[in-house]
Amino acid sequence: MEHTEKRLYIVILSMLLMMIVAGFATDGIIKTVVHIWELQYTRARLIQDFTVTSIGAALVNAALVGLIGLIVVFFSEVHLAGPTVASILTITGFGLFGNTPFNSIPIILGVWIASRLARKSLGSYSLIALFGTALGPLVTLVAFELTGSVFWMLPLSIIVGLAVGFILPAVAGSLLVIHQGYNLYNVGFSCGFIGLFAAGFLKALHSLDDLIIVWNTQNHLTLMLLIPVFAIYLIICGVCIEGKHSWNSSCKDFIKIQKHSGRLPSDFTDMNSIGGTLINMGVLALICWTYAMIIKAPLNGPVLGGIFTVIAFGGFGKHVRNCLPVMAGVIIATLVFGKSLVAPGPILALFFCTTLAPIAGHFGWIAGIIVGFIHLFMVETTATWHGGLDLYNNGFAGGLTATLFVAFMQWYRTNRPQEDFKS
Amino acid sequence: MKRKEFLSRLIGEISGYILESNPLRMVISLHQEEDGAHIIIFDDKIRDKNELQEIRKALNPTEKRPELAEYYGMMAGRDAAWDTRLKLVGWQIKKATVENNDSGTQIELWLGEDSFNPANFTM
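This one's a predicted model, so the numbers in the text were calculated from it and none came from an experiment. (Residues numbered from 1 in each chain as written. Chains lettered and ligands numbered in written order. Predicted model: local features only at pLDDT ≥ 70, side-chain atom pairs only at ≥ 80, totals over all residues.)

Engineer: Would you explain the overall build of chain A in this entry?
Structural biologist: The secondary structure content of chain A amounts to 19 helices and zero strands. In terms of overall dimensions, chain A is globule-like: its C-alpha atoms have a radius of gyration of 20 Å, near the 22 Å expected for 423 residues. In terms of its C-alpha atoms, chain A occupies a principal-axis envelope of roughly 70 × 55 × 50 Å. Expressed as a percentage of the 423 residues in chain A, the buried residues total 61%. Put simply, of all contacts in chain A between residues at least 6 apart along the chain, 79% involve residues at least 24 apart. (Helix = DSSP H or I, 4+ residues; strand = E, 2+ residues; numbered from the N terminus. Rg over C-alpha atoms; globule rule 2.2 N^0.38 Å. Buried ≥ 20, exposed ≤ 12 C-beta atoms within 10 Å, placed from the backbone. Contact = placed C-beta atoms within 7 Å.)

Here it is as structure tokens:
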């Protein structure tokens, strides 16, 4: 392991430890532990804000989910770099509203079984394994929400988790090709696809309730300070991580990162540097947090989860230049359709729409605004299709939008007469 | 992954790259053995040192990236409309050489199982 990668491990680990300390400090050790246990059997489908149960427990639960991700990356012997950091911080963010260790581990094991069958290492499928935890609510639903004895439903939920994990690599690989890497949350797209079948089956059994929004509207100091503290920490680490005199090159790399399209797979740590990437992550965090503060959005579990995902992909496809047009598209759509900027749908769409950032990065800001606009009304429709079973609902909606856009652009580009043979 | 599919993706991506410069001639040669394969592709375009170095860098990554090779490698050779990405090929092969010859550029790719040693290749 390289020296800089070791430091990156320290940066990510220290962020997770900060969340654990903040969690225990907010609610006390006993109350936090009790509520962490409660979260394991709490309904996890969209949108279930874990900070309503307990802010401390939500933070520690999220950090535990992130630690599982870090352990998977370490033991599967893949580099801790842009893609793996993206997966770890994304699942950490979703640990605030849906992911728990209980509902994540069976899916990871399912992907591991698929990797053994395909005679690959878990490392080869490590990103699918971690992002695949988006289907965690299905595990929780089978275990604790369906009628039946827990004695039977608990093992059944594990089997369901293993099964969806097992089929994920096949689905994720196939769906990646149809949008050509222009939707960053491809596994979210795949999980939504699988979620359609799961929801269809559950609806046939009359076992899937309507969606409920559990949404914390109370701002708490710990949650309000979490993002700016992490943002400043990431920027400082970015400036210092590659040695005493590296701040200048890290800042230059931050500028260079803005020139990439961000199309999958764009590992900024490899294309530029870890220092520049951490600065990019920190700056994106500050922009999102500032916007949330300006519009007076509640900084609850889902909103923080959204910002965490933007930070996460700051090393793997997102940067200021390709995110802002798509976010602008969502804001315009919100205002055009007369919705509130702080309502759950629009505020979450604003952060998660950056899954389409590569379209703005490649085709320009107008294309970014258009897909952002489309994304808002798509994402508010798709959650009901899979019954909220896919936590990365924006990845699912983004995949559909990206597929439509790419299909059109591909048709346009492959039918340009000036490139035909001359008659 | 089946050999046929794997080879077809790699050839698709690398030929896509060559075709971007609109050559008048492109030749692809494939030689397979039990544990590996050798692909040679050449065209009639002489490339400058910087471009050759960029191709070499993309096709010979300094580190193995199994998490990217297996998953995102699926996109190799599937995209004719936009820029080709030689890194998708680089992550999945053992070694590549890139040189200008008398008439154009020649790219050689060696691929195979972990045990495969290009030095033992019998052509």
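Anyway, onward from the coordinates.
Engineer: Quick question: what am I supposed to make of the interface of chain B and chain A here?
Structural biologist: Frequently, the measure chosen for interface size is the accessible area that the parts lose on association. At the interface, 13 residues of chain B touch 23 residues of chain A. Of the residues that constitute the side of chain B that touches chain A, the class distribution is seven nonpolar, no polar and six charged. (Nonpolar A, V, L, I, M, F, W, Y, C, P; charged D, E, K, R; others polar.)

Engineer: Help me understand the environment of C323 of chain A in this model?
Structural biologist: All names here are of chain A. Within the element layout of this structure, C323 appears in helix α15 (residues 320-336). Between the C-alpha atom of C323 and that of I369, which follows or precedes it by 46 residues, the distance is 9.8 Å. Ignoring any residue separated from it by four or fewer positions in sequence, one finds C323 in contact with L284, V310, K318, T354 and A357.

Engineer: Hey, could you run me through the confidence of the model for chain B in this one?
Structural biologist: The predicted coordinates ought not to be read in detail in places where the model reports low pLDDT. All names here are of chain B. Summing up the model confidence of chain B, the mean pLDDT is 85 and the portion of residues at 70 or higher is 87%. Within chain B, the element-level pLDDT minimum falls on helix α4 (residues 86-90), averaging 88, and the maximum on strand β1 (residues 26-32), averaging 92. With a pTM of 0.93, the predicted complex shows an ipTM of 0.86. (pLDDT = per-residue confidence, 0-100.)

Engineer: When you look at the pairing of strand β4 (residues 105-112) of chain B in this model, what are you seeing that I'm missing?
Structural biologist: Working note: regular strand, side chains alternate between the two faces of the sheet. All names here are of chain B. Pairing geometry for strand β2 (residues 36-43) and β4, over seven bridges, is antiparallel. Each residue of the ladder has a partner; that of H38, found in β4, is W110. As judged from the six bridges shared by strand β3 (residues 95-100) and β4, these two strands associate in the antiparallel manner. Bridged to A96 within β4 is L109. Hairpin geometry of β3 and β4 is characterised by an intervening segment of four residues between the two adjacent antiparallel strands. (Pairing = 2+ DSSP bridges.)

Engineer: I would appreciate a short explanation of unusual backbone geometry in the present structure.
Structural biologist: Keep in mind that most residues, glycine aside, have a negative phi and that most peptide bonds are trans. All names here are of chain A. Across the junction of L46 and I47, the peptide omega takes the value -15°, indicating a cis bond. With respect to the helices, strands and loops of the structure, I47 is situated in the loop between α2 (29-40) and α3 (55-75). Looking along the chain, the bond that leaves L264 and enters P265 is cis, with omega of -10°. Among the secondary structure elements, P265 is positioned in the loop between α11 (247-257) and α12 (268-271). Backbone geometry at E77 places phi at a positive 55°, although glycine is not the residue there.

Engineer: Sorry, what's going on with the nonpolar core here?
Structural biologist: One broad rule of soluble globular proteins: the nonpolar side chains tend to lie buried together. Residues and elements named next belong to chain A. I128, A285 and I307 are the most contacted members of the largest nonpolar core, which totals 170 residues. Ranked by residues supplied to this core, first place goes to α3 with 14 residues. Built from parts of two domains, this core gets at least three residues from each of domain 1 (3-204) and domain 2 (221-410). Apart from residues lying up to four places away in sequence, A285 is in contact with I227, F230, A231, L234, I307 and I311. (Core = buried A, V, L, I, M, F, W, Y, C linked by C-beta atoms within 7 Å. Domains from an automatic or database assignment.)

Engineer: Looking at this structure, how should I read the packing of α15 of chain A against helix α18 (residues 365-385) of chain A?
Structural biologist: Two packed helices can be described by the angle between their axes and the distance between those axes. Residues and elements named next belong to chain A. Relative orientation of the contacting elements α15 and α18 amounts to 45°, with a least axis distance of 7 Å. Overall, the two elements α15 and α18 adopt an arrangement that is oblique. Considering only the axes of α15 and α18, their crossing is right-handed. Residues N322, P325, V326, M327, A328, G329, V330, I332, A333 and T334 of α15 pack against W365, G368, I369, I370, V371, G372, F373, H375, L376 and F377 of α18. Classifying every residue of the contact of α15 with α18 by side-chain character gives 14 nonpolar, six polar and no charged. (Axes fitted to C-alpha atoms, helices over the stretch in contact; angles between N-to-C directions. Parallel < 35°, antiparallel > 145°, perpendicular 65-115°, else oblique. Left-handed = near helix turned anticlockwise from the far one by under 90°.)

Engineer: Teacher, can you tell me more about the sheet that holds β1 of chain B here?
Structural biologist: Note: strands within a sheet are paired through backbone hydrogen bonds, in either parallel or antiparallel orientation. Residues and elements named next belong to chain B. Judged by pairing direction, the sheet is antiparallel, and its four strands sit side by side in the order β1-β2-β4-β3 without closing on themselves. Lying at the two open borders of the sheet, with one neighbouring strand each, are β1 and β3. Each adjacent strand pair in this sheet contributes to an overall mean axis angle of 10°, direction not counted. Inspection of the sheet shows β1 paired to β2 by seven bridges, in the antiparallel sense. Counted as the bridge partner of I28 is I41 from β2. Packing of helix α1 (residues 3-20) onto the sheet brings it into contact with β1, β2 and β4, and relative to β2 it is tilted by some 15°. The sheet strands contacting helix α2 (residues 49-59) are β3 and β4, and the helix crosses β3 at an angle near 170°.

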